[in-house]
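Here are the chains, one letter per residue:
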Amino acid sequence: MFSSQQPLCPMSGPSRNSTARSCYTSSGFRFFSRRYIRIGDRECEFNKNFRLILHTKLANPHYKPELQAQTTLLNFTVTEDGLEAQLLAEVVSVERPDLEKLKLTLTKHQNDFKIELKLLEDDLLLRLSAAEGSFLDDTDLVERLETTKSTAAEIERKVTEAKENERKINEARECYRPVAARASLLYFVINDLRNINPIYQFSLKAFNTLFHRAIEQADKVEDTQERISVLTESLTHAIFLYTSRALFEKDKLTFLSQMAFQILLRKKEIDPIELDFLLRFTVERTYLSPVDFLTTQSWSAIKAVALMEEFQGLDRDIEGSAKQWRKWVESECPEKEKLPQEWKKKSLIQKLIILRAVRPDRMTYALRNFVEEKLGAKYVERTRLDLGKALEESSPATPVFFILSPGVDALKDLEILGKRLGFTIDEGKFHNVSLGQGQEMVAEMALEKASRGGHWVILQNVHLVAKWLGTLEKLLEGFSQGSHEDYRVFMSAECAPTPDEHIIPQGLLENSIKITNEPPTGMLANLHAALYNFDQDTLEICSKEQEFKSILFSLCYFHACVAGRLRFGPQGWSRSYPFNSGDLTICSNILYNYLEANANVPWEDLRYLFGEIMYGGHITDVWDRRLCRVYLEEFMNPSLIEDELMLAPGFAAPPYLDYSGYHQYIEETLPPESPALYGLHPNAEIEFLTVTSNTLFRTLLEMQPSTAHGSDELGQSTEDKVRNVLDDILERLPEEFNMAEIMQKTSNRSPYVLVCFQECERMNILIREIRVSLQQLDLGLKGELVLSPDVEAQHSALSYDRVPHTWSKLAYPSTYSLAQWFNDLLLRCRELDTWTQDLALPAVVWLSGFFNPQSFLTAIMQTMARKNEWPLDRMCLTVDVTKKVKEDYSHAPREGAYLHGLQMEGARWDIQCGTIVEARLKELTSMMPVIFAKAIPMDRQETKHTYECPVYINKMRGPTYIWTFRLKTKEKTAKWVLAGVALLLEA
């Protein structure tokens, strides 16, 4: 499609020049940060993935009419080899300018030689073709032949000499290739971060500036090899620091791990097959654990690991030396301990594989240790944000972009820095514009004034003015030209909830220095931060000083709890909420007003205003609202003032102190960080870390370059893997249920039978989709069918052991990987097949196996309502937890149904006592015995000493809620509410 004679050149015309930025060309590649270019008579545009879109002009007569309306996508992007070649030239020009100058001179001479030789040949051919008679009689022609011959010989000699010189120069330049190779590698690592979050966008131009700065700042060393090592390390650390400040905390370890893995793969220090296994960690079969310190899941993972050549015999050794392995597995920090037996000799990556099998909750710590061991301690140290350094790197053309988290204000730190440097609102040199409806003109005037006068401008919440962002991008470019050197622009925006909702223009992000602002984490930081919203004057403002101080501190602890609990995921809050310091300060004002207006403390009014109006205003889930209410009932009651109230185990509400005294009390008295400070069981931390670890590895897997390591290294290409998965699923996929035959088996259309029919119909739809989509993918892999976007997405999902979206949207909610999900699907089919044999209600119903579990629970109520002629709207479901397991029952009950497959999270069920009790440490979920469910009138329901336990389909909670079971408890129900106790159909 591209002619070798046709140069790639920028589009002409003012309309394109206004949006164009820069064209960067080099040997090996051409990279455009322009939005538009022209190739011949075709208009070209770059989309957000750096793919070149060619739009065929309708006026072009060389194309058929049907082709004129088409848009062609080409992969036309910077390549790693091309970038490496360009960066090699850059580093050599800095380190050895003599070599680079000589190389350019030689290249010019070689081109001159070729041009001169071509001119001589053309002239000679012209004379020969014009010669008449014998050309030997033409003295001039013969002399020209001799001249050409001698000149050609001289040029050939010079070309040979030049090639030899070029070889020597290239040898000298090659010494610096490791620096260029490392830089090129890291550019592609940071460029792939946009796949995690589209707000992480970095331009090649900014990277090039960073590259030169890192070279300049590297320590000077005389020895060439040492200098190269210093340059490589300086570059690596500079890129790490530059990128890290733009990332959220949860993504920093992902970036750090990917950087380490790619560097080590390039240096051949880790086996790509082992890395692939660590990231995928596909566990296809389930094995019961023979040792009590490993769960079924962990033992199944060990069996999968033992299939690899380097790990053969691992399962036998663990079983044979259980005592040694128990000590290692149950140690507080197994990642820091040596592995038992001969396994201690294994490499770091192999230790990670074993650790992920048995202690996935420690993997984030293990990865930090791995990076520290391989790259150095400075890569895992906590770095404090230096806004002053970011300001030094900025310019009138390079704004600073704050990426915000809910509840964070970027203005405070900027105001402090501005005050120190003389840029304040009072002096008229700092313009603060909070964007929203109608503020665009205000922002434009502020930018114009600041660019002329050398002021600072902060544009807050730019994500709220989506339609104006294109204009803003042009304004920033325009005002930066010829502006005052002190002129600076700062912007802030929140991340979009999903990639599809991302609206910040690519150019705006690429041209900015990005900085993330996140709220503090941990109870200690959150509690101090809550108190920082007040001062000594606030504590003394109320006439009821003692009551005000006590309730305000309790309110601060409540705020720290609701904010800190978010990190525990769905077990903390079913949904995520943007609690912020504004909620707390408004509540303090309400507290002051109510205490001043009432003789006694109006506890109930305060709890309602705080829990239902202020904080409750964010909450959309009924169970989360209950949690908020219970927190306030526990933290705000008369015992706060009249008696000693324990805010958490080991942390009592403080006595009446001054402002600094409260901060000191927190430092000296608050127990170490643990889920117990929030009312959660210690297992919540394990669950949170395990989920974080699994998410991290899934992201890392998807970030691996598809062509970085050949299929020979990994033993199998991606296509081969996908084909194997495809063939395996098609081979094991059951046939659809014959609905006509099933319906003929009975004329009874009871609620239970109707549920069975519905489940079979939905299963048929899913099976049909799986079969058809896999057959299309198979044809695509054979080259017999063009791959549609859906089929391409399916190919990607199968390669990463994920359930394709076209399947999951027809299926039931599930968090399983593809292998687990398909095995679960087969179990569901088997269960339905058994039920359809005679359509009699199974002795014990596997509630987890339904597409729609609510329909079966409703059927229990409908059956009882019909039998007893009770009004359905005045009935409820009551449950009785038995002491038996599924195998103990041979037939269904006369009324209601026996249910199995439920698991409890946050606590466990004591079979002997018949109540909810504390969970065992490291047992994240516990299997419930068979539950007997039946329907009764609401007025007969037993409510005393029971806990309303929500039932969810899986750990994601929130929208997967299906029912509420009342379970017996001897403890206060508040304990289970704060612990986030729930029943799950899929753990």
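Rules of the game
- Residues numbered from 1 in each chain as written.
- Predicted model: local features only at pLDDT ≥ 70, side-chain atom pairs only at ≥ 80, totals over all residues.
- Heavy atoms only, no water.
- Phe/Tyr/Trp six-rings, centres within 6.5 Å; stacked < 30°, edge-to-face > 60°.
- Helix = DSSP H or I, 4+ residues; strand = E, 2+ residues; numbered from the N terminus.
- Buried < 20%, exposed > 50% of the residue type's maximum accessible area, 1.4 Å probe, protein only.
- Lys NZ or Arg CZ within 6 Å of the ring centre and 35° of its normal.
- Expected span 1.5 Å × (residues − 1).
- Arc of directions from axis to C-beta.
- Contact = heavy atoms within 4.5 Å.
- Pairing = 2+ DSSP bridges.
- Axes fitted to C-alpha atoms, helices over the stretch in contact; angles between N-to-C directions.
- 1 Å grid on protein atoms, 1.4 Å probe; cavity = no way out; pocket = protein on both sides within 12 Å on 5 of 7 lines; lining within 4 Å.
- Points joined across faces, edges and corners; volume = space filled by probe spheres on them.
- Nonpolar A, V, L, I, M, F, W, Y, C, P; charged D, E, K, R; others polar.

## A word on the packing of aromatic side chains
Line of reasoning, step 1. Counted by the stated rule, this structure contains 38 aromatic pairs.
Line of reasoning, step 2. Ring geometry for tyrosine 557 versus phenylalanine 635: centroids 5.4 Å apart, planes at 80 degrees, classification edge-to-face. One end of the pair, tyrosine 557, is in helix α23 (residues 545-564); the other, phenylalanine 635, is in helix α26 (residues 622-635), and 78 residues separate them in sequence.
Line of reasoning, step 3. When its relative accessible area of 0% is taken as the criterion, tyrosine 557 is described as buried.
Line of reasoning, step 4. Pairing tyrosine 898 with phenylalanine 932 gives two aromatic rings, centres 5.5 Å apart and planes at 50 degrees, and the pair type is tilted. Of this pair, tyrosine 898 sits in strand β16 (residues 897-900) while phenylalanine 932 sits in strand β21 (residues 931-937), and the two are 34 residues apart along the sequence.
Line of reasoning, step 5. A relative accessible area of 16% places tyrosine 898 in the buried class.
Line of reasoning, step 6. Here the guanidinium or amino end of lysine 303 rests over the ring plane of tyrosine 287, the centre of that ring lying 5.4 Å away.
Line of reasoning, step 7. Note that arginine 362 overlies the ring of tyrosine 365, its terminal NZ or CZ placed 4.1 Å from the centroid.

## A closer look at helix α18 (residues 440-453)
Line of reasoning, step 1. In this model, α18 (14 residues) spans 20 Å end to end at C-alpha, consistent with the 20 Å of a helix rising 1.5 Å per residue.
Line of reasoning, step 2. Buried within α18 we find Ala443, Ala446, Leu447, Ala450 and Ser451. Down the axis of α18, the buried set is contained in an arc of 125 degrees. They therefore lie on one face. Projecting away from the buried face of α18 at angles above 90 degrees are the exposed residues Met441, Met445 and Arg452.
Line of reasoning, step 3. Lining the buried residues of α18 we find β8 (430-434), β9 (456-460), α19 (469-480) and β10 (488-494).
Line of reasoning, step 4. Once α18 finishes, glycine 454 follows within two positions and takes phi at roughly 75 degrees, a positive value.

## Things to note about the sheet that holds strand β11 (residues 513-517)
Line of reasoning, step 1. Spatial strand order, β8-β9-β10-β7-β11: 5 strands in an open sheet with parallel pairing. Pairing within the sheet leaves two strands with one partner each, and these edge strands are β8 and β11. The average angle at which neighbouring strand axes cross in this sheet is 20 degrees, direction not considered.
Line of reasoning, step 2. With respect to the sheet, helix α17 (residues 411-421) is in contact with β7 (400-404), β8, β9 and β10, its orientation differing from that of β9 by roughly 175 degrees.
Line of reasoning, step 3. Along the sheet face, α18 touches β8, β9 and β10 and points at about 165 degrees away from the line of β8.

## Description of the sheet that holds strand β22 (residues 946-952)
Line of reasoning, step 1. An order of β20-β17-β24-β22-β23 is seen for the 5 strands of this open sheet, with the pairing classed as mixed. Only two strands of the sheet have a single neighbouring strand rather than two, namely β20 (925-927) and β23 (961-968). Direction aside, the axes of adjacent strands within the sheet are offset by 30 degrees on average.
Line of reasoning, step 2. Of the pairings in the sheet, the one linking β22 to strand β24 (residues 982-984) comprises 2 bridges and is parallel in character.

## Quick notes on empty space enclosed by the protein
Line of reasoning, step 1. Counted according to the given criterion, the structure contains 6 cavities of 30 Å³ or more.
Line of reasoning, step 2. There is about 130 Å³ of room inside the largest cavity.
Line of reasoning, step 3. The wall of the largest cavity is formed by 18 residues, among which Trp623, Asp624, Arg957, Val977 and Gly980 lie closest to the centre.
Line of reasoning, step 4. Looking at the lining of the largest cavity, the elements with two or more residues in it are α26, β22 and α38 (973-978).
Line of reasoning, step 5. The dominant element in the lining of the largest cavity, judged by the number of residues it contributes, is α26, at 4 residues.
Line of reasoning, step 6. Considered class by class, the residues forming the lining of the largest cavity number 10 nonpolar, 4 polar and 4 charged.
Line of reasoning, step 7. The volume enclosed by the second largest cavity comes to roughly 90 Å³.
Line of reasoning, step 8. In this structure, the second largest cavity is lined by Glu759, Arg828, Glu831, Leu832, Trp835, Pro842, Val845, Trp846, Gly849 and Phe850.
Line of reasoning, step 9. For the lining of the second largest cavity, the element with the most residues is helix α36 (residues 818-838), which contributes 4 residues.
Line of reasoning, step 10. Here the lining of the second largest cavity is built from residues that sort into 6 nonpolar, 1 polar and 3 charged.

Don't take any of this as a statement about function, it's just geometry.
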